[in-house]
Amino acid sequence: MKKMLAQVRMIRLTAIVSALRAAFGPVHAEEAAQAVERLTKPESTVQFGAGYVDQDNQRFGQYTGLREAGVYGIADLDLVRRLGEAGTELRLTGRNLGLAHGEARFEHRRQGDWGYFIEFGQAPDYSPYTVNTRLTGIGGTSQTVIGASSGQDVQLKTVRKTATLGFDKLLPAGFDVQVRSATRTRTGRGCSVRAHWGASIS
Amino acid sequence: MMGSKKNRLFGLLPVLVLALGAFVASPAHAAEEPSGDKPSRNTDLVLKGDAVCTSCPYETEAYPVLSIRKTRHGVVADARTPTCTGCHGESKAHLDKPKGVRVAPNPDIVFGKRAATPVEQQNETCITCHKGGKHIHWAGSTHQAHDVACTSCHQLHVAHDPVRDKLTQFEVCFTCHKEQRAEISRPSRHPVKEGKVACSDCHNSHGGAGPMLMVRDSVNETCSSCHMEKRGPFIWNHQPVTEDCSICHNPHGTTADNLLKARAPFLCQQCHEPTGHRGGIPSLTGLSSFNLSGRGATLARSCMNCHTQIHGSNNPADGAAGRIFQR
């Protein structure tokens, strides 16, 4: 009697478990597949935000432009897409968009074969000092000293803007070609413009 | 007696059913714990031939495995992409875990800080592919000589390798380079913390022909890749500028302005002869032997108030002023 009772209960238990597996099994497999995809597929992200600086601060914003109190908008993005099975990837990244030191890059590459990118960025450099001077025409070709008893406040800063174009190609026997063309422009109180390009085979 | 046992068994039944249902329906089941079923060794998930590895779905946040697919090491269309066993070895003992043994032995080659695999053996795995080009000077380089493993800096099984991102690279380097961590917090510095300049913009941590792991063959060539207006050559050259930027500047950070190791006139007086106004005792007022038109020689930019073209002058006309970098 005891044995029969145990057998009946085991059958009921087995039936219940089987019913549960039948009901939840496919869902479980689908969720497992989703988990694998989440772990293996490159993810794109877009982030928006706003920041508030409560006081003017020369040092705090020396390289970011966040020198004055106020609200600043900021965005970051990292968009990536792999195309098919050929290993071709498109990537668009942007950092600190909306701020003075923002940068962006677009890249298209077939890994193991070729790739190219274009990149823009800017970097301000604010002098932490406020200069009081009777000199006028700063940054130009003609300066004069005014005869006033006191000078005027001048904010010195430079902004460096960079644009880079690059191309890579993998050659047989482990060699590769990398071509880079970069233009760097530095403007400000006393401006200079420079451009340089370079190519290398390695 | 019989009745109480019956009640106890019936009481346990709903608990058992609920426990079994939760186990079967749990969404995290496949990702976090080894399956109780016999593993399938036929389907590659990420890399070629990885079925034998990924059939045992053991993935944790501390030891990510599958996310290598998100990285360049996971692009199977590239014929150079390695396999699991290509880096970690055949690992027979790890794969054929005997029954009754709860924890499988480690793979043949394990990477990381506490790995039993010797650093040299770990690095050999990477050097199999990553040799030549930017890595051509690895052998005998400073990091190699100090037994730094590739995985001391690089993370492979994650989508974002911090050392390959300008914004987070310096945190990796400063794990060891504490002095430079302090220096980039000084008032005059490169915008490293803002992500505009990275350690790898100046240094090639994999080795280089130049001093101090410079990316180029000399300090000056490295600096002038961004500060090209200082490169020269000029009609009138300032010898320490031509020789080495780091004679006057500390590129990691200084308390003096413009990344100078010391402010003028003290910096200049380290070299310049004590004749004329050069050797005088500088002061903030005009009441000393070193004053310029009655003004103290330490005011504002000190020597550079007059000697503005301190990196060199191209003045073709006024030789007297050009030679002393006044215009």
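Residues numbered from 1 in each chain as written. Chains lettered and ligands numbered in written order. Predicted model: local features only at pLDDT ≥ 70, side-chain atom pairs only at ≥ 80, totals over all residues. Heavy atoms only, no water.

Brief notes about the confidence of the model for chain B
Residue and element names in this part refer to chain B. Looking at chain B, pLDDT values average 82 and 82% of them are 70 or higher. Contacts for the low-pLDDT stretch residues 1-39, under 50 throughout, to residues beyond four places or in other chains number 37 contacts. Scored as a complex, the prediction yields pTM 0.80 and ipTM 0.77. (pLDDT = per-residue confidence, 0-100. Contact = heavy atoms within 4.5 Å.)

What about helix H9 (residues 166-173) of chain B?
Residues and elements named next belong to chain B. Buried within H9 we find Gln 169, Phe 170 and Val 172. Here the buried residues of H9 occupy an arc of 155 degrees about the axis, which is enough to place them on one side. Looking at the buried residues of H9, the elements they touch are helix H8 (150-153) and helix H11 (199-202). Between the side-chain oxygen of the N-cap and the backbone nitrogen of Leu 167 there are 3.0 Å, and the N-cap of H9 in question is Asp 165. (Buried < 20%, exposed > 50% of the residue type's maximum accessible area, 1.4 Å probe, protein only. Helix = DSSP H or I, 4+ residues; strand = E, 2+ residues; numbered from the N terminus. Arc of directions from axis to C-beta. Polar contact = N/O pair within 3.5 Å; in protein donor to acceptor, adjacent residues only side chain to side chain.)

Considering the nonpolar core
Looking at soluble globular proteins, one finds that nonpolar side chains tend to be buried together. Among the nonpolar cores identified, the biggest contains eight residues, and these are Ala 256, Leu 260, Ala 262, Ala 264, Leu 267, Cys 268, Cys 303 and Met 304 of chain B. Judged by nonpolar contacts, the second largest core, of six residues, contains Phe 170, Phe 174, Val 197 and Cys 199 of chain B. (Core = buried A, V, L, I, M, F, W, Y, C linked by side-chain atoms within 4.5 Å.)

A short note on the pairing of strand E2 (residues 70-83) of chain A
All names here are of chain A. Relative to E2, strand E1 (residues 45-53) runs antiparallel, the two being bridged by nine bridges. Counted as the bridge partner of Thr 45 is Asp 78 from E2. The pairing of E2 with strand E3 (residues 88-97) spans eight bridges and is classified as antiparallel. Within E3, the residue paired with Ala 75 across the bridge is Leu 97. Where E2 folds back on E3, the antiparallel hairpin that results is connected by four residues, among which Gly 84 adopts a positive phi of roughly 60 degrees. (Pairing = 2+ DSSP bridges.)

Here's the deal with the confidence of the model for chain A
Per-chain confidence: chain A averages 82 in pLDDT, with 80% of residues scoring 70 or above. Of all the helices and strands in chain A, strand E10 (residues 192-201) of chain A carries the lowest mean pLDDT, 48, while strand E4 (residues 103-110) of chain A carries the highest, 96.

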